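Now for the letters of each chain:
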Amino acid sequence: MVTCDDHLGYLAEALDAVIGEGMTEPVLVVDMSRGDGVRQVCAERGDAVRYVAARDSRGVSDSRNRAVAGARTRYLLFLDSDALPTPGWAAAMRRAFDEAERVAIVGARCPARWTDRPPRLFHTASAGDFLSLFDLGDQPMDVPRIMGTSYAIDLERVPSDLFPVELGFGPDSRLAGEEVALCERARSEGWRVRYEPAAVVFHTIRPGRATWPSMFRRAFHAGQEGRRLGRRLDPLPRRKRAADRLFQAAIAPAFAAGMLLGPRDAR
């Protein structure tokens with residue numbers, strides 16, 4: 001399933017890469033946009049793409065739930081439309097469910113694909129959290145959560161009612177948290193969440209996002225998400241460096257403002 005927006009060039013690249021994986025089922029595209037461009041890009045690829053119009057979608061969670069409802073396979077791979085998977089991505093994701101016991105969710109390795117030259121501190125792991133990057137190194141491992149850029153789920157093992165609509169990014173909310181909630185519920189039921197470095201997906205950092213003003217806005221929204229959650233997330237398995245601490249100090253005022261002004265837990 002590919003989550004779509006109006007960036008048609010990125011979408012076309014993503015679709016061609018996924019189609020090139022040779023999967024038995026067509027790529028499912030859920031289109032929340034108001035224009036006709038996404039439909040046209042999908043139509044150009046014929047039966048390799050199954051297009052679902054979702055102009056009435058309440059947000060990303062709602063669209064992903066529709067994808068789950070329409071899934072014809074046990075395993076469902078999600079990919080943002082501005083993400084570019086490398087050859088073998090899908091096969092690596094699928095293998096990850098068999099290479100360890102009780103795996104319900106697998107997250108791909110998601111490094112950056114820069115369109116602008118970023119500030120130096122944006123190359124840190126801490127900045128990557130705000131840019132939807134997920135690069136924990138070369139070894140597979142259990143993780144507390146995945147990143148929404150690209151991941152796979154086993155529909156026989158994940159909880160029902162997968163993506164709470166009130167937690168998803170949408171027209172009326174700049175906040176997210178549906179993937180975190182899914183991973184936490186899966187782990188609470190005894191399932192594992194895995195990071196798979198062999199599944200490499202480059203996340204395109206669109207023009208204008210590799211700037212401090214954009215980062216401060218994202219940090220503010222992250223603070224709001226933190227207030228809604230009401231607690232700290234379990235840390236990802238990596239070591240913080242001096243540059244990470246500098247980045248965290250730079251975005252701390254924006255994050256704190258979001259914590260003060262954010263909504264309380266919506267669940």
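Structure: see above.
These notes cover the structure that comes with them. A quick note: this is a predicted structure, and the numbers were derived from the prediction, not measured. (Residues numbered from 1 in each chain as written. Predicted model: local features only at pLDDT ≥ 70, side-chain atom pairs only at ≥ 80, totals over all residues. Heavy atoms only, no water.)

Considering the layout of surface pockets
Phase 1 of the analysis: The calculated volume of the second largest pocket comes to roughly 480 Å³.
Phase 2 of the analysis: Lining of the second largest pocket is provided by 23 residues; of these, Met23, Glu25, Thr73, Tyr75 and Leu77 occupy positions nearest its centre.
Phase 3 of the analysis: Among the secondary structure elements, those contributing two or more residues to the lining of the second largest pocket are β2 (27-31), β4 (75-80) and α4 (89-99).
Phase 4 of the analysis: Its residues assigned to classes, the lining of the second largest pocket comprises 15 nonpolar, three polar and five charged. (1 Å grid on protein atoms, 1.4 Å probe; cavity = no way out; pocket = protein on both sides within 12 Å on 5 of 7 lines; lining within 4 Å. Points joined across faces, edges and corners; volume = space filled by probe spheres on them. Helix = DSSP H or I, 4+ residues; strand = E, 2+ residues; numbered from the N terminus. Nonpolar A, V, L, I, M, F, W, Y, C, P; charged D, E, K, R; others polar.)

Looking at the packing of aromatic side chains
Phase 1 of the analysis: If you walk through the whole model with that rule in mind, you get nine aromatic pairs.
Phase 2 of the analysis: Aromatic pair Phe122 and Phe247: ring centres 6.4 Å apart, planes at 90°, arrangement edge-to-face. With Phe122 in the loop between β7 (112-114) and α5 (125-130) and Phe247 in helix α8 (residues 242-261), the pair connects residues that are 125 residues apart, well separated along the chain.
Phase 3 of the analysis: For Phe247, a relative accessible area of 0% translates into the label buried.
Phase 4 of the analysis: Each residue in the set Phe122, Phe130, Trp212, Phe216 and Phe247 is aromatic and connected to the rest through ring pairs, giving one cluster. (Phe/Tyr/Trp six-rings, centres within 6.5 Å; stacked < 30°, edge-to-face > 60°. Buried < 20%, exposed > 50% of the residue type's maximum accessible area, 1.4 Å probe, protein only.)

Some thoughts on the packing of helix α7 (residues 212-229) against α8
Phase 1 of the analysis: Two elements in contact, α7 and α8, have axes whose closest approach is 7 Å; the angle formed by their N-to-C orientations is 45°. On the basis of their axis angle, the class for α7 and α8 is oblique. The way α7 lies across α8 gives a crossing that is right-handed. Packed against α7, whose contacting residues are Trp212, Met215, Phe216, Ala219, Phe220, Ala222, Gly223, Gln224, Gly226 and Arg227, the element α8 presents Phe247, Ala250, Ile251, Ala254, Phe255, Ala257, Gly258, Met259, Leu260 and Leu261 at the interface.
Phase 2 of the analysis: In terms of residue class, the contact of α7 with α8 is made up of 15 nonpolar, four polar and one charged. (Axes fitted to C-alpha atoms, helices over the stretch in contact; angles between N-to-C directions. Parallel < 35°, antiparallel > 145°, perpendicular 65-115°, else oblique. Left-handed = near helix turned anticlockwise from the far one by under 90°. Contact = heavy atoms within 4.5 Å.)

A few points about the pairing of strand β3 (residues 49-53)
Phase 1 of the analysis: Pairing of β2 with β3 involves five bridges; the strand directions are parallel. Bridge pairing in β3 links Val29 to Tyr51.
Phase 2 of the analysis: Of the crossover connections in this fold, the one passing from β2 over helix α2 (residues 37-43) to the parallel β3 is right-handed. (Pairing = 2+ DSSP bridges. Right-handed = clockwise from strand over helix to strand, strands pointing away.)

Purely geometric numbers; function is a separate question.
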